[in-house]
Amino acid sequence: MTETERSRVEPSVADRRGFLRWAFLGVALVAAYGTAAAYGVRFLFRKGRVRRRKVFVCMEKDLAPGRSLVRRAPDGRDILLTRADEGVLALSNVCPHLGCTVRWEPQNSRFFCPCHAGIFRPDGVAIGGPPAKAGQRLERFETSTSGSAIYLHLEEEV
Amino acid sequence: MNLEAKKVVVAVLSLLFLGSLLVVAWVEGGKQRFAPEPPAEFTTESKACYDCHEEKTPGIAAQWVDSTHARLGVGCYECHRADEGDVDGWTHEGRLIATIVSPKDCGACHPEIRDEFEKSHHAKGGEILGSLDNVLGEIVEGPAALNLGCRQCHGAKVEFLRDAAGQILRDKTEGKPLFDTATWPNSGIGRLNPDGSRGACTACHSRHRFTVAMSRRPESCGKCHMGPDHPQAEIYAESKHGIAFATAVDQGLMNLEARPWIVGRDYNAAPTCATCHMSATPTHPMTHDPGERISWTLRPAVSTRMEDWERKRKKMQDVCRNCHTPDWIEAHYAQYDDVVDLYNEKFAKPGAAIIDALAKAGKITPTPFDDEIEWTWYYLWHHEGRRMRMGASMMGPDFTQWHGAFEVAERFYVELIPQALELAHGDETVLAAIEQVMDAPEHAWKKGLSPEVRSRLRDFYQKKYGQEIR
Amino acid sequence: MRALAWFRERVPIDASALRSGLNEPIPLHLRRWWWALGGTPAYLFLVQVVTGILLTFYYVPNPDHAYASVRAITEEVAFGWWIRGLHRWSSNLMIAAVILHVMRVFFTGAYRRPRELTWVTGAFLLFVVLFFGFTGYSLVYEQLSYWGATVAGNLTAAVPLVGPALGSLLRGGETISDNTLTRFFVLHIGILPTLFFLLIVVHLSFVRLHGVSDIVFRDEADRRERTFPFFPDHLLMEIGIGVALTFVLTCLTLIVPPALGEPADPLHAPAHIKPEWYFYFTFRWLKWTGLTFAVLTLGLGAFLFVAWPWVDRALARLSRGRDLSVPLGVLVFVGLIVLTLVEAAA
């Protein structure tokens, strides 16, 4: 239909047809570019996969009762290893309050966080300061043994 | 193009674009994202070793980095560390280490395997002092041959150089104990280590990659289990098992790196030595004691059944069951037993009796290998006799027959008996022993074939080849 | 409506003036689809900006991590391969479109008075676009990225007088180093986009002020109106081109996804170093003529290219009215094609 012919048709019909055409076009464009935009947004979210693996930390003989050992985890955190009644205890030295580095105080048999005076029991449960108020504990890592080798279980995002 | 046409065109293009985006989503969904392999992990101590040895011994460092040990963070120091009081310990760059990593060291992390291995015959391999083979190697041949020949498979007793007072000699710079080079390097499977343990895990799990794929390959066993006196590697290669393996490995079907590696589940194209003798099956766990599945001992002059042989045979047959039916297995074992019995009854026991009689009559000296007949007898049971039995056990027909029974028969009839007769020098007991042997029905043919057998042979040759024979 | 009144009071734009200002009358010959060669690179540039910004979320401009970050984008991030593919293909198509546009403008004499400055800004835009391509490709830090950048650095340093200083400025030192990658990154996402934006504003303003040059073919019948409205006709055409381009880019990405060569190894040059296709002619010219001569001639060529409106005028005066630009242009263009093809075949 030429432009001249179109003006001879009933204005309401012509308007509706024209509007429908524009609407269809608009919907098609929005659908296409909207999908592309959705992909772009999805692109920005980096959902890593979780990888579980074991890493050697020490031999049983290195962890005599009463002794503790600090080992660096692959991601740079320090892990404190002690021998508890139920086996080997592997605790993160990152304070759950705001992330400061927690210290083991052998003279007081406790963990102490210098930032806001958080205090933790030897098993990692907070008993003083802001972490205790929030009912937090030092992150505990699973360990396992293979023979007399002690392995740390890590969950990493890759 | 007018406006209306433009609208349509653009709308169609938009839909095409949308279509292509759907394909993009489909491709995206189909993408398998593999987590990248974690890098080698280092403890502080091992990092120090690695940083230097990466330059000094790049091959060792690079092999380790590729290994499962590296992925788990088990490095140089974790294996080579020594304790105070270890006789072979020395302080290297500030740390107490030892060169040799023995089963005791490996067993710190792999205790069950170490225990199984300790029980096995492999662990006893180094204790061949006093055996006939030892005399042969050490005295008849020479110590150097023993060290680089016998002991590289059996394992040496690792010794250090010592001074007159018996103290270990050490080098000036770091106090490293000096090995007696007659005994080290050595990775024989029954090595007697300075820390008192027996064995060398590296015999099959070669350092420093320790890749299990190597241990599962027949070539690993074949380093030692080959040759004229126990050609298991050659027999396997000749057998259908070996042919299947050669094809399967080319076609990438063996899955040698898999953990676990269970026959029938993780691979099924062919067995290797490990499959039958050690590795896991759906019904049996892996064992590092191959003796657990062996019912006959084919090693000695006269074969005997192992202690608790029925249970062990059942275990082996359970492995066969993954690919073979019970009838097949039963029949094979019947054939195998028959060959061993044939060897035992027709050649081995008679031969042993004759040698015994000669020794008792003083016709051969107590010194081994100084009489020709001792070599003859040795060849018969230690080489040809073993080939015959082992060929039967692992279905290598040529080894059973031409490298085996045929040569046993030849050795027996053409050499042993005539040599014994000559050595007898008329001694009654010896001659009686020989006659007792030759009177047995299986040796009667020596006296001449019966007329019926002779005429049958004549007819056969006449018909098939048109040949006239006497 | 109260909302509209609120808006009109705070944004005092005269609606009718805006409408007429935007609704530029388009000459009829632009109805031909292949006259939209200016809009194409503009749209593709938009694609580059959007995909480029997205890529910057994950790209790491440090030699130790650059390649790995590109690999992560291609293989791990959701739709990363698509975004990267769009960016890659769009850069190739944009350069091709710009070259076609330059050819169209050149061979229709649209650079002549009074449009010389449009031409000059356009020439610089071409240089910026080529520089975009070069820096962008170097950021991947593959073998070819690294060694291509090395060659380019050496070429720059070979320019007489200012060469060494320019080379040092480009590389951030005497050789390709950590500084180099950072510089290329800053160029690619900061300096060049700004330059491009400024130049394009000036370029488009000139185009709008002068109007798109009109040409009449001898066989064309006289038309009733010599223009048609920008809105909605021409706009729809431009949108259509945009949709078609993105569709083509997506198809290209699906058929030939973005790949990764070997990571850059400063110790081992690959057997065959090759720049991107749009630099093949420079590379081949360099191989045929030698460093200094090539640098000088390329410099001269670039200067003549920028100054062509005046060269063209001088030529017209010298040849007494004959249009020598077209045959000369054909000659040069064919020469460039030959150089490109020879290098491609090598």
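Residues numbered from 1 in each chain as written. Chains lettered and ligands numbered in written order. Predicted model: local features only at pLDDT ≥ 70, side-chain atom pairs only at ≥ 80, totals over all residues.

### Re the overall build of chain B
Selection rule: By definition, any uninterrupted DSSP run of H or I lasting at least four residues is a helix, any uninterrupted run of E lasting at least two residues is a strand, and each is numbered from the N terminus. Partly exposed residues are those whose C-beta has more than 12 but fewer than 20 other C-beta atoms within 10 Å; with 20 or more the residue is buried, with 12 or fewer it is exposed, and the C-beta atoms are placed from the backbone. A pair of residues counts as a contact when their C-beta atoms, built from backbone coordinates, are within 7 Å of each other.
Within chain B, the regular secondary structure consists of 20 helices and four strands. In chain B, buried positions account for 33% of the 470 residues. Counting contacts in chain B only where the partners sit at least 6 residues apart, residues at least 24 apart contribute 60% of the total.

### What about the overall build of chain A?
In terms of helices and strands, chain A carries three helices and eleven strands. Each helix (α) and strand (β) of chain A, taken in turn from the N terminus, gives the series α-α-β-β-β-β-β-β-β-β-α-β-β-β. Considering only intrachain contacts with a sequence separation of at least 6, the fraction spanning at least 24 residues in chain A is 41%.

### Regarding the sheet that holds strand β2 (residues 68-72) of chain A
All names here are of chain A. Definition in use: When DSSP finds two or more bridges between two strands, those strands count as paired.
Pairing in this open sheet of four strands is antiparallel, and the strands run β2-β3-β4-β9 from one edge to the other. Since the sheet does not close on itself, it has two edges, and those belong to β2 and β9 (140-141), each with one partner. As paired strands, strand β4 (residues 87-92) and β9 are joined by two bridges and run antiparallel to one another. Bridging from a neighbouring strand, L91 pairs with R140 of β9.

### A few points about the confidence of the model for chain B
Formally: Per-residue confidence from the predictor is reported as pLDDT, a score between 0 and 100.
Looking at chain B, the pLDDT average stands at 91 and 98% of residues meet or exceed 70. Predicted complex, confidence summary: ipTM 0.82, pTM 0.67.

### Here's the deal with the pairing of strand β11 (residues 149-157) of chain A
Residue and element names in this part refer to chain A. As defined by bridge partners, strand β1 (residues 50-59) adjoins β11 across nine bridges and the pair is classed as antiparallel. Bridge pairing links F56 to Y151 in β11. Strand direction decides the pairing type here: strand β10 (residues 143-146) and β11, joined by four bridges, are antiparallel. The residue of β11 that forms the bridge with T143 is L152. Where β10 folds back onto β11 in an antiparallel hairpin, the turn is made up of two residues, including G147, whose phi is positive at roughly 65°.

### What to know about the nonpolar core
Worth spelling out the cut-off: Here, a nonpolar core denotes buried Ala, Val, Leu, Ile, Met, Phe, Trp, Tyr and Cys residues that are linked to one another through C-beta atoms within 7 Å.
If you look at the biggest cluster of nonpolar residues, it comprises 66 residues, and the most contacted ones within it are A32 of chain A together with Y141 of chain C. Among the elements that make up this core, the one with the highest residue count is helix α5 (residues 80-107) of chain C (nine residues). When residues no more than four places from it in sequence are discounted, the contact partners of A32 of chain A are S14, F17, L18 and L21 of chain B together with V243 of chain C. Core analysis: the next-biggest nonpolar cluster, separate from the first, contains 34 residues, C95 and L138 of chain A together with C76 and C79 of chain B among them.

### As for the interface of chain B and chain C
Think of interface size as the accessible area that goes away when the parts come together; that is how it is often given. Which entries qualify depends on this criterion: Residues were grouped as follows: Ala, Val, Leu, Ile, Met, Phe, Trp, Tyr, Cys and Pro as nonpolar; Asp, Glu, Lys and Arg as charged; and all remaining residues, including Gly, as polar.
Of the residues lining the interface, 17 residues belong to chain B; the matching set on chain C comes to 18 residues. For the side of chain B that touches chain C, the class distribution of residues is eleven nonpolar, two polar and four charged.

### Here we look at the interface of chain A and chain B
Contacts between the two partners involve 24 residues from chain A, matched on the other side by 24 residues from chain B. Tallying contributions element by element places helix α2 (residues 11-44) of chain A first for the side of chain A that touches chain B, with nine residues. Residue classes in the side of chain A that touches chain B are distributed as 14 nonpolar, four polar and six charged.

### Brief notes about unusual backbone geometry
Of the consecutive residues W184 of chain B and P185 of chain B, the connecting peptide bond is found in the cis state with omega at 15°. With respect to the helices, strands and loops of the structure, P185 of chain B is situated in the loop between α9 (143-154) and α10 (212-216). With an omega of 0°, the peptide bond between R113 of chain C and P114 of chain C qualifies as cis. Assignment of secondary structure puts P114 of chain C in the loop between α5 and α6 (116-139). Not every positive phi belongs to a glycine, and S109 of chain A is a case in point at roughly 50°. Mapped onto the fold, S109 of chain A is located in the loop between β5 (103-105) and β6 (110-113). According to the C-beta neighbour criterion, S109 of chain A is exposed, with 9 such atoms within 10 Å.

### Examining the packing of α6 of chain C against helix α7 (residues 143-157) of chain C
The relative placement of two packed helices is expressed as an angle between their axes plus a distance between the axes. Residues and elements named next belong to chain C. Test applied: Only the stretch in contact is used when fitting a helix axis, every axis being a line fitted to C-alpha atoms; angles between N-to-C directions are given from 0 to 180 degrees. Comment on the angle field: the value is read as roughly parallel under 35 degrees, roughly antiparallel over 145, roughly perpendicular from 65 to 115, and oblique elsewhere. A crossing counts as left-handed when the near helix is turned anticlockwise from the far one by less than a right angle, and as right-handed when that turn is clockwise.
Relative orientation of the contacting elements α6 and α7 amounts to 135°, with a least axis distance of 8 Å. When the axis of α6 is compared with that of α7, the two are oblique. Crossing hand, α6 versus α7: left-handed. Contacts between α6 and α7 involve F134, Y137 and S138 from the former and S145, G148, A149 and A152 from the latter. Per-class residue counts for the contact of α6 with α7 are four nonpolar, three polar and no charged.

### Here's the deal with the sheet that holds β1 of chain A
All names here are of chain A. Judged by pairing direction, the sheet is antiparallel, and its three strands sit side by side in the order β1-β11-β10 without closing on themselves. Because the sheet does not close on itself, it has two edges, and the strands there are β1 and β10. Neighbour-to-neighbour, the strand axes of the sheet open up by a mean angle of 35°, direction not taken into account.

### Side note on the packing of α7 of chain C against helix α8 (residues 163-171) of chain C
All names here are of chain C. Interhelical geometry of α7 versus α8 gives an angle of 150° and a closest axis separation of 6 Å. The orientation of α7 relative to α8 falls into the category roughly antiparallel. Packed against α7, whose contacting residues are G153, T156 and A157, the element α8 presents G163, P164, L166, G167, L170 and R171 at the interface. For the contact of α7 with α8, a count of residues per class yields four nonpolar, four polar and one charged.

### Some thoughts on the environment of L296 of chain C
Relative to the assigned elements, L296 of chain C resides in helix α12 (residues 291-306). Sequence separation of L296 of chain C and A158 of chain C is 138 residues, and the distance between their C-alpha atoms is 9.4 Å.

### Examining helix α18 (residues 397-424) of chain B
All names here are of chain B. Here is the rule: Bend angle per residue: angle between axes fitted to the 7 residues ending at that residue and the 7 residues starting there.
Residue F412 marks the point of greatest curvature in α18, where the axis turns by about 35°. Among the residues of α18, those classed as buried are F399, T400, H403, G404, A405, V408, R411, F412, L416, I417, A420 and A424. In the segment just after α18, H425 is the residue with positive phi, at about 50°.

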